[in-house]
Amino acid sequence: YRFRHQNGEYRLVRDELNLIYQEKGKPLEILGTLMDVTDIRHAEESLRRSEWRYRSLVESSPVGMVSFDLKGEITEFNPAVLNILGAPSGEQGRPLDLFSLFPMAEAGISEAILQCLESGESSIGEFEYKSKQNRLVCTRLHVVPIRDGDRRITGVHAFVQDISDQKRAEELIIRSERLKVLGQISAGVGHTFSN
């Protein structure tokens, strides 16, 4: 129930009633308690909002996020990681693990995750693999161990970013710089021959 307190604010109250019976089974009295649950309800609502914001952030992130337990089985992932790796959605009824996602095993990502599980150290690396469409995909991987309250490793978070376009742009810049230098050299050689 919602009651207005004498100070003007509203408080949420939960009542619990128990019927007390006489020896012969006839109702004797009702014994009840009223408990102020305002703070509990506010905490629950705050937690719901926080979970919604977290879920919204993870689900809409362009960075792939995937978590693994100690056995290498996927415990959580967002849609972006499936997009980046071109992986199945996991709706086939079998749990996905490090080695059932072919691009992860092919590119060496699985090994990086296993190393993080064993060493407990974060790492960043770049990995390449061929997609199902025979396109070279370059990814940047950041792996971080998941620890419990006693600092024991319970799994790994992996963040995967598709950097293929960035790598292609870098190659184009390097190629154009080479052509520019080659043009300058040929112009210099042509000038020398003219002289």
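Residues numbered from 1 in each chain as written. Predicted model: local features only at pLDDT ≥ 70, side-chain atom pairs only at ≥ 80, totals over all residues. Heavy atoms only, no water.

1. What about the pattern of salt bridges?
If you walk through the whole model with that rule in mind, you get 12 salt bridges. With a closest N to O distance of 3.6 Å, arginine 49 and glutamate 45 form a salt bridge. Of this pair, arginine 49 and glutamate 45 both sit in helix α1 (residues 38-60), separated by four residues, roughly a single helical turn. A salt bridge links lysine 167 to glutamate 126; the shortest N-O distance between them is 2.8 Å. In this pair, lysine 167 is assigned in helix α5 (residues 164-194) and glutamate 126 in strand β6 (residues 123-130), connecting sequence segments 41 residues apart. Here lysine 167 falls in the partly exposed class, since its relative accessible area comes to 22%. By relative accessible area, glutamate 126 is classed as partly exposed at 43%. Among the ionic contacts, a cluster of salt bridges with common partners joins Glu9, Arg11 and Asp36. (Salt bridge = Lys/Arg side-chain N within 4 Å of Asp/Glu carboxyl O. Helix = DSSP H or I, 4+ residues; strand = E, 2+ residues; numbered from the N terminus. Buried < 20%, exposed > 50% of the residue type's maximum accessible area, 1.4 Å probe, protein only.)

2. A word on helix α4 (residues 109-119)
Those residues of α4 lying buried are Ile109, Ser110, Ala112, Ile113, Cys116 and Leu117. Projected down its long axis, α4 shows its buried positions confined to an angular sector of 165°, all on one face. Seen from the open side of α4, the exposed residues pointing more than 90 degrees away from its buried face are Glu111, Gln115 and Glu118. Where α4 ends, the next residue or the one after it, glycine 120, has phi of about 75°, a positive value. (Arc of directions from axis to C-beta.)

3. Structural notes on the packing of aromatic side chains
Summed over all chains, the structure comprises one aromatic pair. Summarising the aromatic geometry, the rings of tyrosine 1 and phenylalanine 3 are spaced 6.4 Å apart at their centres and angled 50° between planes, so their arrangement reads as tilted. Judged by relative accessible area, phenylalanine 3 falls into the partly exposed class, the value being 43%. (Phe/Tyr/Trp six-rings, centres within 6.5 Å; stacked < 30°, edge-to-face > 60°.)

Purely geometric stuff here, so don't read any function into it on its own.
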